[in-house]
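A look at the structure
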Amino acid sequence: MNKKQNILITGGSGYIGSCLSLYLKKKYEITNLDKKNNKHISINICDLLNLKRLNDILKKKKPKLIIHLAAQSLVDETINKEKYYQNNVMATKNLIIAMKNNNLTNLIFSSTAAVYKYSGKILKEKSLIKPKSNYAKTKLQCEKIIQNSKINSIILRFFNVCSSLNINNKIVGEFHNPETHLIPTIVYKNLLKKKFFIYGKNYNTIDGTCIRDYVHISDICNAIDKSVTYLFKSHKKFQIINIGSSSRNTNMEILQKIEKITKVKSLYNIVDRRKGDVDLLICSNSKAKKILNWAPQKSNINTIIKDEIRWVKYLIKNHQKRTFKNYLK
């Protein structure tokens, strides 16, 4: 029996990291790194800003490939710019240094669709780049660091990742604190009959609420899995690939679909739009289909919502309290 290849995941305690660890563990030997523990998976505690600790772990584990998910990921302009820089840019610089110290050559990096300049058109990998938020600016800096490193790498620009994963009766999903994303907020508040806000009703869309491209966490994990396979078969490669569903749903359409599935009427107010939100953010995933032979399988909005409902009910049953970002404050 062949020994499993060792893959190391940074940000293993996070939403994507914890889901990905479960998704890949039958196929690979997984080492998870994070600054904090996770009750679902085993974690090696390591702050990527601690270069010595990081170097020691890579020297010991000698992973065949690293999936770099660790980041200051809450898109909130009230967060100190220095915090984004340290947790995103400096952490990535340290990771590249430690990889080179240990002759490690395969890297997958999770980036974001927020690096693109708003155009109102479907976004392709060659679309104009102009990040607005501090989060997106540091993600773009990380992309450039990785590209200049000459390491065999794939940069995946994720669109709106959502929903939950259920593998062998173990369910894992989104649990940010505070939660800022639309679908988990509406599902949770709908089921508990609590009020929430829809930000903006004056966008240039069919119902005045903004349109986004939502991609199921299962499809994200599958895209990363296929990226691993691609890098193991390729050498001295660098790719930037969009990962999204290429579907389009307005905020109001999602709210109505959630109500239809739960059969619960939502309590909400429509308020002013949030700073920086744009009318339309949609992905072209044609390159992912061509390069990775990847296509979304579970990213239809009804499946996304039903899997999110299952996760939220699990959290409620287990008395897991959630906090949510209020942008009116």
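In every chain, residue numbers begin from 1 and rise along the written sequence. Confidence filtering applies because this is a predicted model: local features only for residues at pLDDT of at least 70, side-chain atom pairs given and counted only at 80 or more, and all residues used for totals across whole chains, interfaces and linings. As a rule here, side-chain values come from all non-hydrogen atoms in the structure, and water together with hydrogens is ignored.

Focus: the overall build of the chain
- Secondary structure elements are defined from DSSP: runs of H or I of at least 4 residues count as helices, runs of E of at least 2 residues count as strands, and each element is numbered from the N terminus. The number of helices and strands found in the chain is 9 helices and 16 strands.
- We compute the radius of gyration from the C-alpha atoms alone; for a globule the expected value is 2.2 Å times N to the 0.38, where N is the number of residues. Rg of the C-alpha trace for the chain: 19 Å, near the compact-globule value of 20 Å for 329 residues, within the 12% margin.
- C-alpha atoms of the chain, sized along the principal axes, occupy 55 × 45 × 40 Å.
- Buried residues are those whose accessible area, probed at 1.4 Å on protein chains only, stays under 20% of the maximum for their type, while exposed residues exceed 50% and partly exposed ones sit between those limits. Going through the 329 residues of the chain one by one, you find that 55% of them count as buried.
- Restricting to contacts in the chain with at least 6 residues of sequence separation, those with at least 24 account for 78%.
- When the accessible surface of the chain is split by element, carbon and sulfur atoms take 49% of a total near 16200 Å².
- By the counting scheme adopted, Arg and Lys are positive, Glu and Asp are negative, and His together with the chain ends is not counted. Here the site of a charge means atom NZ of a Lys, CZ of an Arg, CG of an Asp or CD of a Glu. When the 61 basic and 22 acidic side-chain charges of the chain are each reduced to a single mean position, those positions are 5 Å apart. Whether two residues touch is decided by their heavy atoms; if any such pair falls within 4.5 Å, the residues are in contact. Note on areas: Shrake-Rupley, 1.4 Å probe, and residue coverage restricted to the protein chains presented here.

Section: the sheet that holds strand β11 (residues 211–212)
- We treat two strands as partners when DSSP finds at least two bridges between them. Judged by pairing direction, the sheet is mixed, and its 3 strands sit side by side in the order β14-β11-β16 without closing on themselves. Of all the strands in the sheet, just β14 (249–250) and β16 (280–281) have a single pairing partner and so form its edges.
- Across 2 bridges, β11 lies against β14 in antiparallel orientation. Paired with R212 across the strands is N249, a residue of β14.

Observations concerning the packing of helix α2 (residues 51–61) against helix α3 (residues 81–101)
- Running from amino to carboxyl end, α2 crosses α3 at an angle of 40 degrees, the nearest separation of the two axes being 9 Å. Of the possible angle classes, the one that applies to α2 and α3 is oblique. Crossing angle aside, the handedness with which α2 passes α3 is right-handed. Contact with α2, carried on its side by L51, L54, N55 and L58, involves N94, L95, I97, A98, M99 and N101 of α3 and no other residues of that element.
- Per-class residue counts for the contact of α2 with α3 are 7 nonpolar, 3 polar and no charged. Fitted lines through C-alpha atoms give the axes, limited to the stretch in contact for helices. The angle between two N-to-C directions lies from 0 to 180 degrees. Orientation categories follow fixed angle ranges, with anything under 35 degrees roughly parallel, anything over 145 roughly antiparallel, 65 to 115 roughly perpendicular, and all other angles oblique. Helix crossings get a hand from a simple test, with the near helix turned counterclockwise from the far one by less than a right angle marking a left-handed crossing and a clockwise turn marking a right-handed one. Nonpolar residues are Ala, Val, Leu, Ile, Met, Phe, Trp, Tyr, Cys and Pro. Charged residues are Asp, Glu, Lys and Arg, and all others, Gly as well, are polar.

Section: the sheet that holds strand β5 (residues 106–112)
- The strand order β3-β2-β1-β4-β5-β6-β13 describes an open sheet built from 7 strands, whose pairing is parallel. The open sheet is flanked by β3 (44–45) and β13 (238–243), the only strands paired with a single partner.
- The pairing of β5 with strand β6 (residues 152–158) spans 7 bridges and is classified as parallel. Note on β6: the bridge partner recorded for S111 is R157.
- Here α3 sits on the sheet in contact with β1 (6–10), β4 (65–68) and β5, set at roughly 170 degrees to β5.

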